[in-house]
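Below are the chains, spelled out letter by letter.
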Amino acid sequence: MTPDDPETRLTAAAREAAKAAYAPYSKFAVGAALLGEDGTVHAGCNVENASYGLTLCAERNALTAAVAAGCRRFTALAVAAPRPVPPCGACCQVLAEFCPPDMPIFLVAPTGPATRLSLRDVFPQPFALS
Ligand code: THU
């Protein structure tokens, strides 16, 4: 790994984003970082709510921030959490809207090496209208 390879960049950005997580209920801070096809990095964290179901996951926050910034094509994702966790089902469906099935996803814990999977690994059959 080099300092500017996708895994290194996204791991750092996802861990940094997790520091901003608002997770007073679960105490499970998550950060996510997407690499845009143009080389830009877009990060997000989970934002919980007293009405639990309104909680927003880190991955969807990263994705929607990217789209709002004009980026719709992605080449890699990192998710940083207290232990390596894949995106939830709802996030997978939203990621599938914009990301290729073979896109690498790096599952990152606070320390140690990442687990590398693909979007297809974690979400083999996305819903599609056609
Ligand atoms: N969470 C995420 O942000 N991403 C995931 O992929 C799984 C779960 C958040 C939602 C909630 O704030 C906390 O983790 C516990 O479920």
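Quick look at the structure, then. Model, not experiment: these values are computed from the prediction.

1. Structural notes on the site of the ligand
Line of reasoning, step 1. The ligand sits among Ser26, Phe28, Val30, Asn46, Glu48, Thr55, Cys57, Ala58, Glu59, Pro86, Pro87 and Cys88.
Line of reasoning, step 2. Between the ligand and Ala58 there is a distance of 2.9 Å, counted from an oxygen atom to a backbone nitrogen or oxygen.
Line of reasoning, step 3. In the model, an oxygen atom of the ligand is placed 2.6 Å from a nitrogen or oxygen of the Glu59 side chain.
Line of reasoning, step 4. Surface burial for the ligand is 79%, taken as the share of its 370 Å² of free accessible area covered by protein chains.
Line of reasoning, step 5. Within the shell around the ligand, the residues separate by chemical class into seven nonpolar, three polar and two charged.

2. Brief notes about the packing of aromatic side chains
Line of reasoning, step 1. Going through the model one piece at a time under the given rule, you end up with one aromatic pair.
Line of reasoning, step 2. Here Tyr25 and Tyr52 contribute two aromatic rings whose centre-to-centre distance is 5.5 Å and whose plane-to-plane angle is 45°, an arrangement assigned as tilted. Separated by 27 residues along the polypeptide, Tyr25 in the loop between helix H1 (6-18) and strand E1 (31-36) and Tyr52 in the loop between strand E2 (41-45) and helix H2 (58-68) bring together distant segments of the chain.
Line of reasoning, step 3. Relative accessible area serves as the criterion here: at 59%, Tyr52 is assigned to the exposed category.

3. Topic: the pairing of E2
Line of reasoning, step 1. Bridge count between E1 and E2: five bridges; the pairing is antiparallel. Looking at the pairing, Ala33 lines up with Ala43 of E2.
Line of reasoning, step 2. The loop that links E1 with its antiparallel partner E2 comprises four residues; one of these, Gly39, has a positive phi angle of about 90°.

4. Here's the deal with the pattern of salt bridges
Line of reasoning, step 1. In the structure shown here, the tally under the stated rule is two salt bridges.
Line of reasoning, step 2. The salt bridge involving Glu16 is made with Lys19; its shortest N-O contact spans 2.9 Å.
Line of reasoning, step 3. With a relative accessible area of 48%, Glu16 lands in the partly exposed category.
Line of reasoning, step 4. Residue Lys19 is classed as exposed on the basis of its relative accessible area of 65%.
Line of reasoning, step 5. Between Glu37 and Arg73 there is a salt bridge, and its shortest N-O distance comes to 3.0 Å. Pair noted here: Glu37 is in the loop between E1 and E2 and Arg73 is in the loop between H2 and strand E3 (74-80), with a separation of 36 residues, a long-range link.
Line of reasoning, step 6. In this structure Arg73 comes out as exposed when scored by relative accessible area, which is 53%.

Procedures and definitions
By convention here, each chain's residues receive numbers from 1 onward along its written sequence. Residue-level local features of this predicted model are given only where pLDDT is at least 70; pairs of side-chain atoms are given and counted only at 80 or more, and the full residue set underlies all totals for whole chains, interfaces and linings. Only hydrogens and water are set aside when side-chain values are computed; all heavy atoms of the structure are taken into account. One heavy atom suffices: a residue is near a molecule or strand as soon as one of its heavy atoms comes within 4 Å of it. Polar contacts, as counted here, are pairs of nitrogen or oxygen atoms within 3.5 Å of one another; within protein the pair requires one atom able to donate a hydrogen and one able to accept it, and residues that are adjacent in sequence qualify only if both atoms are side-chain atoms. Note on areas: Shrake-Rupley with a 1.4 Å probe; residue coverage comes only from the protein chains shown. Lys, Arg, Asp and Glu make up the charged group, whereas Ala, Val, Leu, Ile, Met, Phe, Trp, Tyr, Cys and Pro make up the nonpolar group; the residues left over, Gly among them, are polar. Only rings of Phe, Tyr and Trp enter the pairing, Trp through its six-membered ring, and a pair is recorded when the two centres are within 6.5 Å. The plane angle decides the type: under 30 degrees is stacked, over 60 is edge-to-face, the rest tilted. Numbering goes from the N terminus for both helices and strands, where a helix is a DSSP run of H or I of at least four residues and a strand is a run of E of at least two. Three exposure classes are used, based on accessible area relative to the maximum for each residue type with a 1.4 Å probe and protein chains only: buried under 20%, partly exposed in between, and exposed over 50%. Here the rule is simple: two strands pair whenever DSSP picks up at least two bridges between them. The rule for a salt bridge is simple: a side-chain nitrogen of Lys or Arg has to be within 4 Å of a carboxyl oxygen of Asp or Glu.

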